[in-house]
Amino acid sequence: MLEIDKVQVQRPGLMEKSWLKPVSFFLLALGLSSLVWPLFDPRLRDLGNNITGLSVLPISIGIGMLIIAITIGNRWRRSAAWFVLALVGQAVSLQMAKAGWQLRYQHYKPFDEITSDMMGMVLVAFVVVQALLVLMGLRSSMARINAWCRQNLRVWQLLFIASFFIISTTTVSHSVAVYIREWAFAVFIQTLSLTTIILAALAIPQESIIKVRRLLSGLFGDLSPDGDAEPGPLDGFALSIATFVTIIAAILCIYSYERHPHVPDEVAYLTQARFFAAGSLTLPAPPVPDGFEVYLMNMKGDNWYSVPPPGWPIMLALGTLVGIPWLVNPFLAGINVLLAYVLLRELYPKSLARISIFLLALSPWYVFLGMSFMTHMFSLTCALVAAIGVAWSRRDGKAIWAVLGGLALGMISMVRPLEAVAMAGLLGLWAIGLGGKRLKLTGIAGLVLGSIVVGGLGLAYNAALTGNPLEFPINVYTDEHFGKNSNAYGFGSDRGMGWEHDPYLGHGPVDALVNTNLNVSALNTELFGWSIGSFLLVAAGVCLGRLSRRDYLMIAVIAVIYVLHFFYYFSGGPDFGARYWFLMVVPLVVLTVRGVQKLASRFDEQFEAGGTRVYATVLALCLISVITFIPWRAIDKYHNFRGMRPDIRYLADAYRFDRSLVLIEGNKHPDFDSAMIYNPLDLHANVPVYAWDRDLSTRKKLLTAYSDRPVWFVNAPSITNRGYEVVAGPLAAKELLNSVE
């Protein structure tokens, strides 16, 4: 992305060289063979015969060979070669990462672990070769790189961008020495990837740049960094992107997530949704409470209920009623793309809105949350609707839009209350004129009234379950099970539930800074899945050129979400990246696009269509992420994530459990959680009932309560180290009870 290379003059007769076609066909054959290799090589499968994340490496190599075969005889060959090096380089670096389905943050493996086998040695050798090739490629460019940086970047801007680039690379470790070693390696890998992709952009033939520019302009519109807002209706581009992300999230939910909850919270959400779909807030307590205990399910007297706020389960209940709760979040992911497009067109030119939703749809963070059963996608839906309501009311003065925004704001309070506080503050300030035109008094009143109406329903729900509208069921539950104030907001030694991934006991400034690192490093990886990290262009968007009022709005959203969660004891854990910060996703994408636009504008000022190389770099990074990171993450982490598996529904068919008692031997999580979700709401219905074989006392009570049913014993994955396995059954409950006694 520096001085544009001179046009490569092709030698006469290059395409006629006799060796090109055979080599091309040979590479095509190798590429196709490499693509199908993971289907047949047992070394790329785990004990359950599932394809592992290692399969991404031969697939990337295969795609790379196909690209080289296609471009070997034309002017794109040099650029294609660097692109393939970056592509395979990211696939290699992913194999050096330790992520997996276990509940842990991602780290690079220690060097001795990487080099402990032949495959690891091959990976290291590839990185060394890549580094040597990059150094050779840079020999003629380093002087121009330095000259361009001196001409276009002030010292503080360079330091600002560099700090974003390097600080966010690594998750903290218990050992400072380990952290520093990993940080140095991560910075090296990220820098190597950045340099490789820059060389690919520089090698794009100059005679093709104008064509690429025309193509991008036809797709996204005017690519200039400045321009007025262009409010307008949805168009074919936005509808296509929304359809794409819905389909991708649905496919991932089917094949990676297997339409099955994998986080304990999701079990509670789905159970609560089934309660609501049946028309009840609570159900009768189980006959043996200890045999049906799951996280976030509480009992009060004879009533059994889920304790999270009701907003998300209400939305899930709509999917439950038609038998497709797993499709709710993929559908909302598509809806949110459309809402983001509408909102951004109220603030920015159409081209920025288009590029933003394009990047949003390719964000692994966004797509994987769209695959899940988590609350965050619906919270984003409500936040976008609330912001659009205020924006429309500001534009045409109609109070009805502000009322709509208020209703959506109230719904956030029933989904994620802390995010409702953030959005209420932001939209309240926006409504009274900070950062733009002030709403009419009727609009402000409508915003407040709408939020009170829906928010009041949440208070009524609290009162129905706890007897106090200001007392949230989840806080009653955590106080009872984890200690007083364990889920309270703010600093204090009594905060926290004692989880192993909570950095320290209690919550204080040091914990908050650790949580910041955990989320920032997760975002650097998950936001775009780029080998260069996700923050480089965000930093460029913030510090290059003048920030507009609308840019400050984006920064304000990020700042408010961050500050509010700074005082909450938990970071959100390693589930789905920095999920507690998910309302940042649209602002972060917008600032990324602003960084792309500003960099491209600077290149356009110096070179003919030079900024096109910046856009080409971003497209290349997105393509590499789609080929390597998203499949790797789907296979390596989210398939059987946290040990939760849908095997029980298959065993029920294979063994014809019918009206029986199925005792799950193993841990509460993940073993019983995975079975619990398939229980009927009526635990005496004429279908299989799954219970946790917790201990001998619980088993006796269960056999007594279900003495008229045949009994099956199933060993769970924590015992088998594979899937669920039937070990005995059907057995008579009364005979088992006699033998126990």
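Here the structure is shown first, and the text comes after it.
Scoring rules and cut-offs
Residues numbered from 1 in each chain as written. Predicted model: local features only at pLDDT ≥ 70, side-chain atom pairs only at ≥ 80, totals over all residues. Heavy atoms only, no water. Helix = DSSP H or I, 4+ residues; strand = E, 2+ residues; numbered from the N terminus. Rg over C-alpha atoms; globule rule 2.2 N^0.38 Å. Buried < 20%, exposed > 50% of the residue type's maximum accessible area, 1.4 Å probe, protein only. Pairing = 2+ DSSP bridges. Axes fitted to C-alpha atoms, helices over the stretch in contact; angles between N-to-C directions. Contact = heavy atoms within 4.5 Å. Polar contact = N/O pair within 3.5 Å; in protein donor to acceptor, adjacent residues only side chain to side chain. Phe/Tyr/Trp six-rings, centres within 6.5 Å; stacked < 30°, edge-to-face > 60°. Lys NZ or Arg CZ within 6 Å of the ring centre and 35° of its normal.

A. Structural detail: the overall build of the protein. Across its full length, the protein carries 30 helices and nine strands. For 741 residues, the compact-globule estimate of 2.2 N^0.38 gives 27 Å, and the protein sits close to it at 28 Å. Across its three principal axes, the protein shows a C-alpha extent of roughly 90 × 70 × 50 Å. Looking at the 741 residues of the protein, the share that counts as buried comes to 57%.

B. Molecular detail of the sheet that holds strand β8 (residues 710-715). The sheet built from four strands is open, its strands ordered β7-β6-β8-β9 with mixed pairing. Looking at the sheet topology across the chains shown, the edges are occupied by β7 (689-692) and β9 (725-732). Taking each pair of neighbouring strands and ignoring which way they run, the sheet shows an average axis angle of 25 degrees. Pairing of strand β6 (residues 661-665) with β8, which is carried by five bridges, proceeds in the parallel orientation. By the bridge assignment for β8, L663 is matched with F713. Sitting on the sheet, helix α28 (residues 696-705) is in contact with β6, β7 and β8, with an inclination near 170 degrees to β6.

C. Geometry of the side chain of T612. When you line up the elements, T612 lands in helix α25 (residues 612-638). For T612, a relative accessible area of 0% puts it in the buried group. At 3.4 Å, the side chain of T612 forms a polar contact with the side chain of R213.

D. Focus on the sheet that holds strand β3 (residues 283-284). Within the open sheet, the three strands sit side by side as β3-β5-β4. Their pairing is antiparallel. Each having just a single partner strand, β3 and β4 (297-300) make up the two edges of the open sheet. One ladder, built from four bridges, connects β4 with strand β5 (residues 303-306); its direction is antiparallel. Bridge pairing links N298 to Y305 in β5. Strands in contact with helix α11 (residues 264-277) are β3, β4 and β5; relative to β5, the strand with the most contacts, it is inclined by about 120 degrees.

E. Region of interest: the environment of S175. Among the structural elements, S175 can be located in the loop between α7 (155-167) and α8 (176-202). Residue class for S175 comes out partly exposed when judged on its relative accessible area of 29%. A sequence separation of 150 residues divides S175 from P325, and the C-alpha atoms of the two residues are 43 Å apart. Within polar-contact distance, the side chain of S175 engages the backbone nitrogen of V178 at 3.3 Å.

F. Region of the structure containing the packing of aromatic side chains. Following the criterion strictly, the structure yields 36 aromatic pairs and no others. Between the aromatic rings of F160 and F164, the centroid separation amounts to 4.8 Å while the plane-to-plane angle is 40 degrees, which identifies the pairing as tilted. Taken as a pair, F160 and F164 lie in helix α7 at a separation of four residues, close to a single helical turn. F164 sits in the partly exposed class, given a relative accessible area of 29%. Taking the centre distance of 5.3 Å and the plane angle of 75 degrees together, the rings of Y638 and F641 count as edge-to-face. Side by side, Y638 and F641 carry an identical accessibility label, which is buried. One aromatic cluster in this structure is built from Y257, F368, F373, F576, Y638 and F641. Just above the ring of W326 sits the side chain of R259; from NZ or CZ to the centre is 6.0 Å.

G. Geometry of the environment of Y461. Turning to its location among the elements, Y461 is positioned in helix α19 (residues 441-466). There is a polar contact of 2.9 Å between the side chain of Y461 and the side chain of Q272.

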